[in-house]
Amino acid sequence: QVQLVESGGGSVQSGGSLRLSCVASGRTEYNYAMGWFRQADGKEREFVAAIVSHAAVRIAEPLKGRFTISRDIVRNTVYLQMNNLNPNDTAIYYCVSKFRSSDSWNYWGQGTQVTVSS
């Protein structure tokens, strides 16, 4: 089992920045990849970003150039740096992890709210 706890959400005005953090605990030695999804009110959950290592990163195409993902394996932490935010980024952001590349995302955090006002 792996537990994921997000932090760093909050309210910000358009054009602002936030950095989300997610700390993993439990059987973290099995964590192959970590990432982020988000879900806005009335919309389906969508992929944001994922990282295996600094050399293996994937960012959702519409978010490239504004969002960056990084990982501190020693601290079992993944970060999501979000710049130039706009109201369309308002959502609950969920941290995820999985044990193998072929897996679905095995574990989910409880989510952290990000609200961007115009």
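Up top is the structure.
Description of the structure in this document. (Residues numbered from 1 in each chain as written. Predicted model: local features only at pLDDT ≥ 70, side-chain atom pairs only at ≥ 80, totals over all residues. Heavy atoms only, no water.)

### So, the overall build of the protein chain
Thought 1: Scanning the protein chain from terminus to terminus reveals 0 helices and 11 strands.
Thought 2: In the protein chain, the succession of helices and strands from N to C terminus is β-β-β-β-β-β-β-β-β-β-β.
Thought 3: Taking 13 Å as the expected radius of gyration for a compact globule of 118 residues, we find that the protein chain reaches 13 Å, a close match to that expectation.
Thought 4: A principal-axis box enclosing the C-alpha atoms of the protein chain has dimensions of 40 × 25 × 25 Å.
Thought 5: Relative to its 118 residues, the protein chain shows a buried fraction of 45%.
Thought 6: Pairs at least 24 apart in sequence give 55% of the contacts found in the protein chain among residues at least 6 apart.
Thought 7: For the protein chain, the accessible area works out to roughly 6400 Å², and carbon and sulfur atoms hold 47% of it.
Thought 8: Charge-centre separation for the protein chain: the mean point of 12 positive side chains lies 4 Å from the mean point of 9 negative side chains. (Helix = DSSP H or I, 4+ residues; strand = E, 2+ residues; numbered from the N terminus. Rg over C-alpha atoms; globule rule 2.2 N^0.38 Å. Buried < 20%, exposed > 50% of the residue type's maximum accessible area, 1.4 Å probe, protein only. Contact = heavy atoms within 4.5 Å. Areas by Shrake-Rupley, 256 points an atom, 1.4 Å probe, with all protein chains shown as cover. Lys, Arg positive; Asp, Glu negative; His and termini not counted. Charge placed at Lys NZ, Arg CZ, Asp CG, Glu CD.)

### Regarding the pairing of strand β5 (residues 46-53)
It is a general feature of regular strands that their side chains alternate between the two faces of the sheet.
Thought 1: Here 5 bridges tie strand β4 (residues 33-39) to β5, and the two strands are oriented antiparallel to one another. Counterpart to Arg38 in the pairing with β5 is Glu46.
Thought 2: As consecutive antiparallel partners, β4 and β5 are separated by 6 residues, and within that stretch Gly42 has a phi angle of approximately 75°, a positive value.
Thought 3: Here 4 bridges tie β5 to strand β6 (residues 56-59), and the two strands are oriented antiparallel to one another. Counterpart to Ile51 in the pairing with β6 is Val57. (Pairing = 2+ DSSP bridges.)

### Things to note about the environment of Val5
Thought 1: Secondary-structure assignment places Val5 in strand β1 (residues 2-7).
Thought 2: Remark: the alpha-carbon pair of Val5 and Val96, spanning 91 residues in sequence, is separated by 9.8 Å.
Thought 3: Apart from residues lying up to four places away in sequence, Val5 is in contact with Ser21, Cys22, Val23 and Gln110.

### Concerning the pattern of salt bridges
Thought 1: Applying the stated criterion across every chain yields a total of 7 salt bridges.
Thought 2: When the shortest N-O distance is used, the salt bridge between Glu46 and Arg38 registers 2.5 Å.
Thought 3: Between Asp72 and Arg75 there is a salt bridge, with the nearest N and O atoms lying 2.9 Å from each other.
Thought 4: For Arg75, a relative accessible area of 56% puts it in the exposed group.
Thought 5: Through salt bridges with shared partners, a single ionic network connects Arg38, Glu46, Arg66 and Asp89. (Salt bridge = Lys/Arg side-chain N within 4 Å of Asp/Glu carboxyl O.)

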